Amino acid sequence: MAEDSDLEKTEPASPRRLDEARKKGNIPRSRELNTFAILIVAGATLLMMGAQLTAGMTDLIRRGLTFDRAALNSPDFMWNSLIHATLDMLQLFLPFLLVLVIAALAAPILLGGWMMSAEAVQPDFGRLNPMKGIARLFSVTSLGELGKAIAKSLVVGGVGFAVIWNYQEEAFSLASESVDSGIYHLGSLLGWLFILITSAMILIVAIDVPFQLWEYYRKLRMTKEEVRQEMKESEGDPQIKGRIRAMQREMARRRMMAEVPKADVIVTNPTHYAVALRYNEKEMRAPRVIAKGSYLLAERIRELGVEHHVPILSAPPLARALYKHAELEQEIPASLFSAVAEVLAYVYQLRSYNKQGGAMPQQPENIPVPEGMDILDTTE
């Protein structure tokens, strides 16, 4: 059962998977949104430019049907007339075409953003397989597209019929108007009819866009095994990372143990904790912890201290406080200055005794530490 759940695509797509899909040209798209944007922009542009386009077309037709007898004798007359009419037509409709191009480019950006991918335009010969084509023809997606097409036809057709029926008297009245007035009135009427009918697609777009987003992210879902594998690839195998961390800890421990012979004193618990301190008044503002450890590591610190003749002082509360609050290779906390100063004073007296003799210094006992610094302090 656990293996089956790992193979089910229940996890949302990771940012890496989404980025890879985008690089392949796989981004959310809605045909209905694109179609609606182009049609509504075309209708609005026709409505605003209707008078200009109507006047331009009227002028083109008038000039195209006007010629003199001398022009008929020219063998290039028809060809030149066609070229001039075509250029004039392109010039007249160029702003309209530019607006449509902008709408066609801007509509997809609203949903999936801007995307340029070479993989998206590469030929896919797998689509030529007739069996896959038949499978796609009867797939759930195809059935959904069929239902959407039927719904679109019903909505647009119904709204179109209602709009035309409502404007039928105005359309019939065009017959009683003059040619120029009738053409202008017809263009305005067709523009409004086009916009009203196209606006009916808003309902379809409002349904299709969320569905396309949901379908897009559903197809990119991942199994739990894929998530784990991606984490291994992006962040590294946990076992390898654990081994690296263990090696780093071992190297850090070796460096720390190499500093123990340089210590001025080792403060112990005496068996559970050991902290090695060093102080050079010319280089340091306060004593520093150069090594610390507990249990087996504390035992090894004590052994190195004995081997290199480093003074070892048993001060359990201070050892526990230093182990808990003092960071390795950092100065001790200011709250422990007084206690450590007492220890260092004993160490300096011991050095003087070893060099010059005299009275044996008395080892300090029960060195107090501030309340809340000891690990065993329950009031913390």
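For the structure, see preceding data.
Quantities reported herein were computed from a predicted structural model and do not represent experimental measurements.

1. Some remarks on the overall build of the protein
Point 1. Helix and strand counts for the protein stand at 15 helices and six strands.
Point 2. Looking at the protein residue by residue over its 380 residues, the buried ones come to 28%.
Point 3. Relative to all contacts within the protein whose residues are 6 or more apart in sequence, the contacts with residues 24 or more apart total 76%.
Point 4. Of the roughly 25400 Å² that the protein leaves accessible, carbon and sulfur atoms contribute 61%.

2. Remarks on the sheet that holds strand S3 (residues 265-268)
Point 1. Taken in spatial order, the four strands of this open sheet run S5-S4-S3-S6, and their pairing is mixed. Each end of this open sheet is capped by a strand with a single partner; those strands are strand S5 (288-294) and strand S6 (312-314). Pairs of neighbouring strands in the sheet enclose a mean axial angle of 20 degrees, with direction left out of account.
Point 2. Pairing analysis gives four bridges linking S3 to strand S4 (residues 273-278), with the strands arranged antiparallel. Residue pairing across strands places Thr268 opposite Ala274, the latter belonging to S4.

3. Considering the side chain of Gln212
Point 1. Mapped onto the secondary structure, Gln212 falls in helix H10 (residues 201-219).
Point 2. Not counting residues within four places of it along the chain, the set of residues in contact with Gln212 comprises Arg29, Ser30, Glu145 and Lys148.

4. Observations regarding the pairing of S4
Point 1. Along S4, five of the six residues are buried, which leaves the element largely enclosed by surrounding structure.
Point 2. A loop of four residues connects S3 with S4, the two strands running antiparallel in sequence.
Point 3. Here six bridges tie S4 to S5, and the two strands are oriented antiparallel to one another. For Arg278, the partnering residue across the bridge sits in S5 and is Arg288.

5. Structural notes on the packing of helix H3 (residues 31-64) against H10
How two helices sit against one another is set out by the angle between their axes and by the gap between those axes.
Point 1. Relative to each other, H3 and H10 sit at 150 degrees, their axes nearing to 8 Å. Judged on the interaxial angle alone, H10 and H3 are roughly antiparallel. Where H3 crosses over H10, the two elements pack in a sense that is left-handed. Contact residues: H3 offers Arg31, Glu32, Leu33, Thr35, Phe36 and Leu39, while H10 offers Met201, Ile202, Ile204, Val205, Asp208 and Val209.
Point 2. For the contact of H3 with H10, the class distribution of residues is eight nonpolar, one polar and three charged.

6. Considering the pattern of salt bridges
Two side chains that carry opposite charge are able to pair once their charged atoms sit near each other.
Point 1. Inspection of the entire model under this criterion finds 10 salt bridges.
Point 2. As a salt-bridge pair, Glu259 and Lys262 come within 3.5 Å of each other at their nearest N and O atoms.
Point 3. Owing to a relative accessible area of 47%, Lys262 belongs among the partly exposed residues under this scheme.
Point 4. Of the charged contacts, one joins Arg285 and Glu331 as a salt bridge, the two residues approaching to 3.4 Å between their closest N and O atoms. On the criterion of sequence distance, the pair formed by Arg285 in the loop between S4 and S5 and Glu331 in the loop between helix H14 (316-325) and helix H15 (337-356) is long-range, its members being 46 residues apart.
Point 5. Overlapping salt bridges bring together Glu215, Arg218 and Lys219 as one network.

7. Considering helix H13 (residues 296-307)
Point 1. An ideal rise of 1.5 Å per residue puts 16 Å on 12 residues; H13 measures up with 16 Å between its terminal C-alpha atoms.
Point 2. All of the buried residues along H13 are Ala298, Ile301, Arg302, Leu304 and Gly305. Here the buried residues of H13 occupy an arc of 160 degrees about the axis, which is enough to place them on one side. Across H13 from its buried face, at more than 90 degrees, point the exposed residues Leu296, Val306 and Glu307.
Point 3. With its phi angle positive at about 60 degrees, His309 sits one or two positions after the end of H13.

About the thresholds
- Residues numbered from 1 in each chain as written.
- Predicted model: local features only at pLDDT ≥ 70, side-chain atom pairs only at ≥ 80, totals over all residues.
- Heavy atoms only, no water.
- Helix = DSSP H or I, 4+ residues; strand = E, 2+ residues; numbered from the N terminus.
- Buried < 20%, exposed > 50% of the residue type's maximum accessible area, 1.4 Å probe, protein only.
- Contact = heavy atoms within 4.5 Å.
- Areas by Shrake-Rupley, 256 points an atom, 1.4 Å probe, with all protein chains shown as cover.
- Pairing = 2+ DSSP bridges.
- Axes fitted to C-alpha atoms, helices over the stretch in contact; angles between N-to-C directions.
- Parallel < 35°, antiparallel > 145°, perpendicular 65-115°, else oblique.
- Left-handed = near helix turned anticlockwise from the far one by under 90°.
- Nonpolar A, V, L, I, M, F, W, Y, C, P; charged D, E, K, R; others polar.
- Salt bridge = Lys/Arg side-chain N within 4 Å of Asp/Glu carboxyl O.
- Expected span 1.5 Å × (residues − 1).
- Arc of directions from axis to C-beta.

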